[in-house]
Amino acid sequence: MAIPMGEERDDDPRTYEARWRARWQADGLDRTDLDGATRPYYNLMMFPYPSAEGLHVGNTYAYTGADIHGRFQRLQGRDVFEPIGFDAFGIHSENYAIQVGRHPMELVRQNVARFRSQLERLGAQFDWSRAVDTTDPGYYRWTQWLFLQLWKGDLAYRATRAVKWCPKDLTVLADEQVLADGTCERCGTVVLERELEQWFLRITRYAERLLKGLDHLDWSASTVLAQRNWIGRSEGAYLDFPVDGEAPLQVFTTRPDTIFGATFMVLAPDHPRTLELTDPACREAVVAYIEEAERRRIAGQHAEEGPTRGVRLGRDTRHPLTGAALPLYAAEYVLSGYGTGAIMAVPGHDERDHAFARAFGLPIVEVVRGAQDVDAAAHVGQGVLVNSAEFTGTIAPDPARERVVAALEARGLARRAVQFKLRDWGISRQRYWGPPIPAVHCPTCGAVPVPESQLPVLLPFVEAFRPLGTGASPLAAVPAFVNTTCPRCGEPARRETDVSDTFLDSSWYFLRYPSADREDVAFAPEATRRWLPVDTYIGGNEHAVLHLMYARFVSMALHDLGWLDFEEPFVRFRAHGMIVREGAKMSKSRGNVVNPDAYMDRFGTDAFRLYLMFMGPFDEGGDFRDQSINGPSRFLALCLRLQRRVAAVPEPPELARARHACIQKVTLDTPQLKYNTAIAALMTYAKVLRDHPGPLPRASLDTLAQLLAPYAPHTAEELWSRLGGPYSVHRQPWPTFDPALLIDEQATVIVAIDGRRRDQLEVPAGTSAAELERLALALPRVVAHLAGRRPVRVVVVPDRQVNLVLPGA
RNA sequence: GCCGGGAUGGCGGAACGGUAGACGCAGCGGUCUUAAACACCGCGGCUCGAAAGAGCGUGCGGGUUCGAGCCCCGCUCCCGGCACCA
């Protein structure tokens, strides 16, 4: 871009944008009076993880869209609180620090500083006075406090469990951090399983409430659905299958109606009773299979060839209703962690059981009659029960499910149950870069909480912060940290050396913002009452089952523990779309990553903001094309040029009309996050002004500046100031529109024959149907097309269309 | 495999069941300029036609309707998420 010369110089956005930002900052324009707010509106966006690469264009996109929302709410008269912070703990920073050979403490300081200057440049109305940094001891002492409250409420516990282990990051991962292909979401390595003693948070206790709560939230549908699926509620029953000479085998099923189709039973290889239920003659083969399955499980391989691997135990259970012998198997497709770890196999009506029955030559019995031949494939859909004794003829699954359970229940063979896929949240990380979990292990007292008065448990500065790979955190190698005394008995004890998951840091940060200045509490009751729950939360859907689930869980737990008077932290959540570049996902390896700074250097912040929002609907994302930014850039220049044509003239009706139409469109589209069409309306309006001959009334431009304010805050301020408006445009009441002015006087009525457009009529609005029909039939082109035929029917849509329907059409 | 979302000009995208392609990008022609940039004017779905005009057009195949990009049924492909969860 050439440096504009002479008079044009003032229109260079880079000059006035920096000037206005400095002024806003000096005036504290974006700071919120948290105590005095009468119409509080908490506008939250997901705080960034300050990577070494700098602000990603995805961040810019999310923050710009969220900021437009916040600015619009403020212009509507709300006292908007729009905080920002840094989610700076975690494996990602730590790995990067290892890679470049520097210490994360030093690196994070530097990254945060860079992020802050990049964020400031976005022109968002962030209230920096309440910024938080999760790595600040003044923050994480409260993360530790949160953990202690959960522990006190019996929501934190220690257990040895097979957990996901990333062999590259040398740490445990939460289930949510393992991708669908079994790889680590951070580094892409295939994740293994490992038995370790871990801290868990009892999120499963909230499964039902987490699910129920979704019904009343104003959230993006896709996010609600993702949470529902993740929680994975299934209704069914525990059924007891008798075993001769042993305790009965309990299974969980969601399809008790198919019980007459059960032809064999399957246990998870690591089910506690697998060996007990093995016939001595088969023991050797079963032991070998269990070991083999265990090896595969640890190696993270299981999904490849379907449910075809397993072994016969050589013993049977009895069918509880028919008394038939059902052979027992152990197979990997049955998971020990779900239900009871054992199933009744119904090959006719379950795909996995079907595959297994085929592989092992087991009988397949049809009990639900449908279109599907069960010998060829399982019929899992609806049908009528057959071969099912007194239940034959009932519609399955419902109401058959209910009748069978009731009958079994009456005989003491069934118990109704609900199962969830959701598992407890493992938060232990055998790493350095996180808040130490505030616990002490005492040989006599066991795990003891660190007293709240001793918080924070400071993360010591250690040079050797690399993971050890032993299953213990690097902190375990720091005697000064490890050796302590038991807070309960005073005897020598060891400090917990694992740090907590970074998602614990972010599970409560929105509670901290309004109280960020308080050193004595995590969140102050008055500020919390005034500002929470969050009015609108905007962020990426990649956190649908991670952060958003954890934050809901923590809020519910804090509610039950008496710390909060609400359960749901985010009243409204909107997932924004993703930006791709020229059709492809941006990635470093593709080399197509957009650097926001470069565009802002060249075109200014406002043009960049406007372009990002103009690319497409905010919730759908968009496709970044380098040249397309020219449009918004030209548009902003035009807005400033138009100001020079302002004179003391009355507003002509056609300009008033255009102005009110624009107010309407922007006012209605903006709160729905339909930013792209709002911007289009602004452009249309600017073109009307441009094409208007002669001087422009000030009202025309005043409105333009005001409507532009949420979208292009600097340019709007510059324009407003040149128009002589009182500082600041961001403190003006939002313009209103007069619907009376928007009523059309003329109407263009399409004349169609059999739905095909043939001509059009220009008529006064409100012309009667009869008159429209008469006019239409008189049009020469219509007469020509009709060629003497008479329409059998005439459909008139007032002010829009006349459709002449010919016979035989 | 299951669950979402989507498919519209060269490109990004607009369209209460009622003029498909708003707005913008890129392109072409022109005005201004010594020249360029900026700005401004004009053109632009496809086919046939000199034109007037006609026909065809919103992934594919059906349907509902006076009228379908939009509603219904059946597919294809793309994007995202979940996945031996009984």
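Keep in mind that this is a model prediction, so the values were computed, not measured.

Asker: So what's going on with the packing of helix H18 (residues 630-643) against helix H20 (residues 675-691)? Residues and values would help.
Answerer: Direction vectors running N to C along H18 and H20 enclose 45°, while the axes themselves pass 10 Å from each other. Viewed along their axes, H18 and H20 adopt a mutual orientation that is oblique. Between H18 and H20 lies a crossing of left-handed hand. Counting all contacts with H18, which are made through Gly 631, Pro 632, Phe 635, Leu 638 and Leu 642, the residues of H20 involved are Leu 682, Met 683, Ala 686, Leu 689 and Arg 690. Split by residue class, the contact of H18 with H20 holds 8 nonpolar, 1 polar and 1 charged.

Asker: Summarise the environment of Met 683; cite the residues concerned and give the values.
Answerer: By the secondary structure assignment, Met 683 is in helix H20. You can call Met 683 buried: its relative accessible area is 17%. Separated by 153 residues in the primary sequence, Met 683 and Arg 530 have C-alpha atoms spaced 39 Å apart. With sequence-adjacent residues up to four places away left out, Met 683 is seen in contact with Phe 614, Gly 631, Pro 632 and Phe 635.

Asker: Go over the sheet that holds strand E7 (residues 192-201) with me, naming the residues and quoting the values.
Answerer: In spatial order, the strands read E6-E5-E7-E19; together these 4 strands make up an open sheet with antiparallel pairing. Two strands lie at the open edges of the sheet, namely strand E6 (171-173) and strand E19 (425-426), each paired on one side alone. Strand direction decides the pairing type here: strand E5 (residues 156-166) and E6, joined by 3 bridges, are antiparallel. When the bridges of E6 are listed, Cys 166 appears paired with Thr 171. Running over the sheet, helix H5 (residues 137-152) touches E5 and E7 and is turned about 85° from E7.

Asker: Quick rundown of helix H21 (residues 698-708)? Include the residues and the values.
Answerer: Summarising burial for H21: 9 of the 11 residues are buried, a large majority. Turning to H21, its buried residues number three or more, namely Ser 700, Leu 701, Asp 702, Thr 703, Leu 704, Ala 705, Gln 706, Leu 707 and Leu 708. Where H21 is buried, its residues contact H18, helix H19 (653-669), H20 and helix H22 (713-722).

Asker: Go over the confidence of the model for chain A with me, naming the residues and quoting the values.
Answerer: With 97% of its residues at a pLDDT of at least 70, chain A reaches an overall mean of 90. Taken element by element, chain A is modelled with least confidence in strand E29 (residues 584-585), mean pLDDT 75, and with most confidence in helix H13 (residues 509-512), mean pLDDT 98. Across the whole predicted complex the pTM is 0.92, and at the interface the ipTM reaches 0.94.

Asker: Could you give an account of the pairing of E5, with specific residues and numbers?
Answerer: Pairing analysis gives 10 bridges linking E5 to E7, with the strands arranged antiparallel. Its bridge partner being in E7, Arg 161 is matched across the sheet by Leu 196. Here E5 hands over to E6 after 4 residues, with Leu 170 in that stretch at a positive phi of 55°.

Rules used throughout
- Residues numbered from 1 in each chain as written.
- Chains lettered and ligands numbered in written order.
- Predicted model: local features only at pLDDT ≥ 70, side-chain atom pairs only at ≥ 80, totals over all residues.
- Heavy atoms only, no water.
- Axes fitted to C-alpha atoms, helices over the stretch in contact; angles between N-to-C directions.
- Helix = DSSP H or I, 4+ residues; strand = E, 2+ residues; numbered from the N terminus.
- Parallel < 35°, antiparallel > 145°, perpendicular 65-115°, else oblique.
- Left-handed = near helix turned anticlockwise from the far one by under 90°.
- Contact = heavy atoms within 4.5 Å.
- Nonpolar A, V, L, I, M, F, W, Y, C, P; charged D, E, K, R; others polar.
- Buried < 20%, exposed > 50% of the residue type's maximum accessible area, 1.4 Å probe, protein only.
- Pairing = 2+ DSSP bridges.
- pLDDT = per-residue confidence, 0-100.

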